Amino acid sequence: MPVGIFRVSLLVLTAIVNHPLIFPKENGTVPEDPQDIVQKMKEREETLRLEQLRLEQEIAEWEATQEALEKAAKVVEEREEEKVRWDMWTALSMVIFLLIELWRQDFQEGIWQDTGGEEDDMAVLGKAFKGVAFPDKAILASFYEKRILGTTGDMARMREMVEGFADDLLEALRSVCNRDADMEVEDCMGVGSMYENWRVRKPFVCDLIVPFAPPEPYCFRSQIWCCGDSFPPDEHGYGTIKVCRADEAVTGCICDKTKLGEDMLCLLHSQASTTRPSSEMEDLLCFKNTQYLDADQVMKWFQIAVTKAWNRISHKYEFDLSFSLLDSPGALKIKFRSGKSIAFNLTPVVQYENSDVYFISHFPRSSLAADLPSSTHWFLTFAVYERRFIQLVSKTLPANACHVSCLQILSFIHGKQCSLTGPSGLTNYHLKTVMLHLLQARPGQDWAPEKLEARLQDMLKFLEKCLHEKKLYHFFIGNGKVPAELGFPIIFQRAEPLNLFRPFVLQRDVYRKTVDTFHEMLRNMTTLINEYTVHIPLAQTNGIHKESF
């Protein structure tokens, strides 16, 4: 009992002590109804649950975003790696392609420039040569002595006569020209087969070039294809000639290249010096409204000047002079009263800087030659250096070397074949280019007179290979092994090689005709030679004198 009373007392005392109205606590509140507490606890729980759902949703969205970013980064990385791999493969492929191309060019140059004196280094004869009976040494010697040697004296007499008349004609031309307004004509020079002693087919035609220059105070400034990017591939080998005042800056002024406007003046040039009348430039043989020399205008002026010059001196000669070909403006013909005639070409040219390379106003037409891009584009001729190279190399060859004989025989046979089957894309210039390459490729002793047959076969092998590949490179352009004694301009040696057979790539009909004519020539070679050869008994074939070469 006392224990129970004590417990009750303790409970009452505790309740009194903890009652908020007796001992209020700081921030204490009056207890609410239990149902309200429960309701608030449920609301709190619902709020926490919604907050938890929101946080979980944000976390899920963040994780999804991170995953998407990681995937995007991975894709970008894979693309970058793929791009790097592709760029690396592309670069590697380009390097391999360039190496193959360089090797191919070196290999080809090694065939036509770097080959030694061994006959095994030459291209192997193709199928077209199988079964072809090639003339032996005795037949070739007899043919050369009978058909070709006899023409040497005729060529020498004709050259002397034509050169003397041309000098007299040009002197008269200078006298009829206006020294203050007309072009200044220099002395003529002989070039080509007649002056290199290998022309064999009649009629003999002398090729003379006549350098000319503009009157003071003008000068010519030229631009060639290998000095800039303004010439497309089909214009390689050409150049343009600009007529300028001698005191005009080489680089020119911006006022010549752009329109300054009506209210702007050039501080370097006055209006009078920059504006040239159209008639003045046309008097200087320029293309209409330009400063570029017009080849057609030059040929018209030259024909008129030659006609005036001939009228002045015609009384001194007992023959007539006329222009012989419409498509060759410089082709002249001397007609004697006896009915005989002599043809020669007198062609005006412009010197390239201080070299013996010339811009030629007209080039003889051939089935392979393409038309000029325009009359302001001039073809470059290296005929003077070609003649000098043959003369220089001939000094290092054995006596009576067979290089000229090979070219003469090949030129004669090809000409005879073309007379039977029609014109071919091959020209005598192509044949001479083949000889020039072989002259540089082979040592001097290989051109001894007794090796005529072997060297003639080499020229045919080389020509067959070039026709098969449609590539015959110009001898001087891109050839870094030109002898220094010639003084040949280095700019042409460093230029890209010029393929003389490039038109074959576009003109398939001409190419097929040329190849067929070449193969037919091979099959008819022995017949064509025998036709102009004295038949020699077999017992005498070993007694032919080789000195005839």
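Residues numbered from 1 in each chain as written. Predicted model: local features only at pLDDT ≥ 70, side-chain atom pairs only at ≥ 80, totals over all residues. Heavy atoms only, no water.

- An unreviewed UniProt entry annotates the protein as Inositol 1,4,5-trisphosphate receptor-interacting protein of Nycticryphes semicollaris.
- On record in UniProt, under Function (unreviewed entry), the comment for the protein is "Enhances Ca(2+)-mediated inhibition of inositol 1,4,5-triphosphate receptor (ITPR) Ca(2+) release."
- Note on the protein: under the UniProt heading Sequence similarities (unreviewed entry), the record states "Belongs to the ITPRIP family." (UniProt positions renumbered as here; feature names shortened; annotations may be inferred.)

1. Overview of empty space enclosed by the protein
At step 1: Counting across every chain of the model gives two cavities of 30 Å³ or more.
At step 2: Put simply, the second largest cavity is a space of about 30 Å³.
At step 3: Contributing to the lining of the second largest cavity are Gly237, Phe379, Leu380, Phe382, His474, Ile477 and Leu498.
At step 4: The residue inventory of the lining of the second largest cavity, partitioned by class, reads five nonpolar, two polar and no charged. (1 Å grid on protein atoms, 1.4 Å probe; cavity = no way out; pocket = protein on both sides within 12 Å on 5 of 7 lines; lining within 4 Å. Points joined across faces, edges and corners; volume = space filled by probe spheres on them. Nonpolar A, V, L, I, M, F, W, Y, C, P; charged D, E, K, R; others polar.)

2. Here we look at unusual backbone geometry
At step 1: Between lysine 202 and proline 203 the backbone carries a cis peptide bond, its omega angle lying at 5°.
At step 2: One can find proline 203 in the loop between β2 (189-191) and β3 (205-213).
At step 3: Between glutamate 216 and proline 217 the backbone carries a cis peptide bond, its omega angle lying at 5°.
At step 4: Secondary-structure assignment places proline 217 in the loop between β3 and β4 (218-224).
At step 5: Despite not being glycine, lysine 470 shows a phi value in the positive range, around 55°.
At step 6: By the element assignment, lysine 470 lies in the loop between α11 (452-469) and α12 (490-493). (Helix = DSSP H or I, 4+ residues; strand = E, 2+ residues; numbered from the N terminus.)

3. Notes on the nonpolar core
At step 1: Within the largest apolar cluster, 110 residues are counted, with the highest numbers of intra-cluster contacts made by Leu169, Leu293 and Phe344.
At step 2: When near neighbours in sequence (up to four residues on either side) are disregarded, leucine 169 contacts Val306, Ala309, Trp310, Ile313, Leu321, Leu332 and Leu346.
At step 3: Membership of the second largest hydrophobic core comes to seven residues, among which are Ile209, Tyr358, Ala383 and Val384. (Core = buried A, V, L, I, M, F, W, Y, C linked by side-chain atoms within 4.5 Å. Buried < 20%, exposed > 50% of the residue type's maximum accessible area, 1.4 Å probe, protein only. Contact = heavy atoms within 4.5 Å.)

4. Focus: the side chain of glutamate 386
At step 1: Topologically, glutamate 386 is positioned in helix α8 (residues 383-394).
At step 2: Owing to a relative accessible area of 2%, glutamate 386 belongs among the buried residues under this scheme.
At step 3: Residues contacting glutamate 386, with those up to four places away along its chain left out, are Glu196, Tyr429, Lys432, Leu436, His474 and Phe476.

5. So, a nonpolar patch on the surface
At step 1: A cluster of nonpolar side chains, contributed by Met88, Trp89, Leu92, Ile96 and Ile100, occupies part of the molecular surface with about 530 Å² of accessible area.
At step 2: Position of methionine 88 relative to the elements: it lies in helix α2 (residues 34-112). (Patch = residues over 30% accessible without salt bridge, like charges linked within 9 Å, V, L, I, M, F, W, Y side chains within 5 Å. Areas by Shrake-Rupley, 256 points an atom, 1.4 Å probe, with all protein chains shown as cover. Salt bridge = Lys/Arg side-chain N within 4 Å of Asp/Glu carboxyl O.)

6. Some points on the pattern of salt bridges
Once their charged atoms are close, side chains differing in charge can pair, the charge on each being opposite to the other.
At step 1: Under the defined criterion, the tally for this structure stands at 17 salt bridges.
At step 2: Of the charged contacts, one joins arginine 455 and aspartate 458 as a salt bridge, the two residues approaching to 2.8 Å between their closest N and O atoms. A residue pair is termed a helical-turn pair when its members lie 3 or 4 positions apart in one helix, as arginine 455 and aspartate 458 do in helix α11 at three residues.
At step 3: A relative accessible area of 1% means that arginine 455 is categorised as buried.
At step 4: A relative accessible area of 1% means that aspartate 458 is categorised as buried.
At step 5: Sharing partners across several salt bridges, the network here consists of Arg442, Asp446, Lys451, Arg455 and Asp458.

7. A word on the environment of glutamine 493
At step 1: Its place among the elements puts glutamine 493 in helix α12.
At step 2: The exposure class of glutamine 493 is buried, given its relative accessible area of 14%.
At step 3: Linking glutamine 493 and valine 482, residues eleven residues apart in sequence, is a C-alpha distance of 7.7 Å.
At step 4: Leaving out residues up to four positions away in the same chain, glutamine 493 has contacts with Phe476, Gly478, Asn479, Gly480, Val482 and Phe488.
At step 5: A distance of 3.4 Å separates a polar atom in the side chain of glutamine 493 from the backbone oxygen of phenylalanine 488. (Polar contact = N/O pair within 3.5 Å; in protein donor to acceptor, adjacent residues only side chain to side chain.)

8. Some thoughts on the pairing of strand β5 (residues 238-245)
At step 1: In terms of residue burial, β5 counts as a mostly covered element, since six of its eight residues are buried.
At step 2: By the bridge criterion, seven bridges tie β4 to β5 in an arrangement that is antiparallel. Note on β5: the bridge partner recorded for arginine 221 is lysine 242.
At step 3: Pairing of β5 with strand β10 (residues 378-381), which is carried by two bridges, proceeds in the antiparallel orientation. If you follow glycine 239 over to β10, its bridge partner there is tryptophan 378. (Pairing = 2+ DSSP bridges.)

9. Focus: the pairing of strand β7 (residues 331-336)
At step 1: Summarising the sheet, strand β6 (residues 319-323) and β7 pair through five bridges and their orientation is antiparallel. In the strand pairing of β7, phenylalanine 319 is matched with phenylalanine 336.
At step 2: Direction of pairing for β7 relative to strand β8 (residues 341-351): antiparallel, over a ladder of five bridges. The residue of β8 that forms the bridge with alanine 331 is asparagine 345.
At step 3: Taking the residues between adjacent antiparallel strands as the criterion, β7 and β8 are bridged by four residues, where glycine 339 takes a positive phi near 105°.

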